[in-house]
Amino acid sequence: SNLRSALRLLGACVSLVFLVQGVIILASPKVTDFSSFCQWAGDGVLTTVVGAAGVILEVRGGMDKVTRHIKYYAMNRIGLSIFYFWLGCFVMGGAASVHLGQTWRTVFHITGCVAWGVAAGDLLVAFSRGSL
């Protein structure tokens, strides 16, 4: 349906923005000591890897194996709902506020709100596969 496709597209976009956040963090180190290096490297690698994983999960979520079987489909959408809820929380108070400027913080706060919307939508479609 259109809602499921829109949620997958929005989810992939949110994940892509999260991946870009990681790349931006890794490309602009603000390191003054070992502790700040560890924080910078951890935040950059985490956001890059998790963003890439989100894109991959959205692509896999559209495959026939997942969409044809209600159990796989529901588990995929519930898992992604939890993922996007966490992602929204992370970008609201996470690495962007430490490493990046106000403009990027605003972009990531919008991304967090969209992630929460995708989380709610994924939960909705997980339990109403045929009707939405």
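Heads up: the structure comes first, above all this text.
Residues numbered from 1 in each chain as written. Predicted model: local features only at pLDDT ≥ 70, side-chain atom pairs only at ≥ 80, totals over all residues. Heavy atoms only, no water.

Colleague: Please clarify how the overall build of the protein chain should be interpreted in this entry.
Modeller: Within the protein chain, the secondary structure is distributed over six helices and zero strands. Going from the N terminus to the C terminus, the protein chain shows its helices and strands as α-α-α-α-α-α. Across the 132 residues that make up the protein chain, the buried fraction comes to 38%. If you take every contact in the protein chain between residues at least 6 apart in sequence, the share linking residues at least 24 apart comes to 72%. (Helix = DSSP H or I, 4+ residues; strand = E, 2+ residues; numbered from the N terminus. Buried < 20%, exposed > 50% of the residue type's maximum accessible area, 1.4 Å probe, protein only. Contact = heavy atoms within 4.5 Å.)

Colleague: Quick question: what am I supposed to make of helix 1 (residues 2–27) here?
Modeller: In an α-helix, one turn spans 3.6 residues; hence positions three or four apart end up facing the same way. Here helix 1 contains 26 residues, and its C-alpha end-to-end distance of 37 Å stays within 8% of the 38 Å for a straight helix at 1.5 Å per residue. Of the residues making up helix 1, those classed as buried are Arg4, Leu7, Gly11, Val14, Ser15, Phe18, Gln21, Gly22, Ile24 and Ile25. (Expected span 1.5 Å × (residues − 1).)

Colleague: Whenever I open this one, the packing of helix 2 (residues 34–61) against helix 4 (residues 70–93) confuses me. Can you help?
Modeller: Two quantities define a packed helix pair, namely the angle between the helix axes and the distance between the axes. Where helix 2 contacts helix 4, the two axes come as close as 11 Å, and the packing angle between them is 150 degrees. It follows that helix 2 is roughly antiparallel to helix 4 by the angle criterion. As helix 2 packs across helix 4, the resulting crossing turns out to be left-handed. Residues Leu46, Thr47, Val50, Gly54, Leu57, Glu58 and Gly61 of helix 2 lie in contact with helix 4, whose contacting residues are Asn76, Arg77, Leu80, Phe83, Tyr84, Trp86 and Phe90. Split into classes, the residues belonging to the contact of helix 2 with helix 4 amount to eight nonpolar, four polar and two charged. (Axes fitted to C-alpha atoms, helices over the stretch in contact; angles between N-to-C directions. Parallel < 35°, antiparallel > 145°, perpendicular 65-115°, else oblique. Left-handed = near helix turned anticlockwise from the far one by under 90°. Nonpolar A, V, L, I, M, F, W, Y, C, P; charged D, E, K, R; others polar.)

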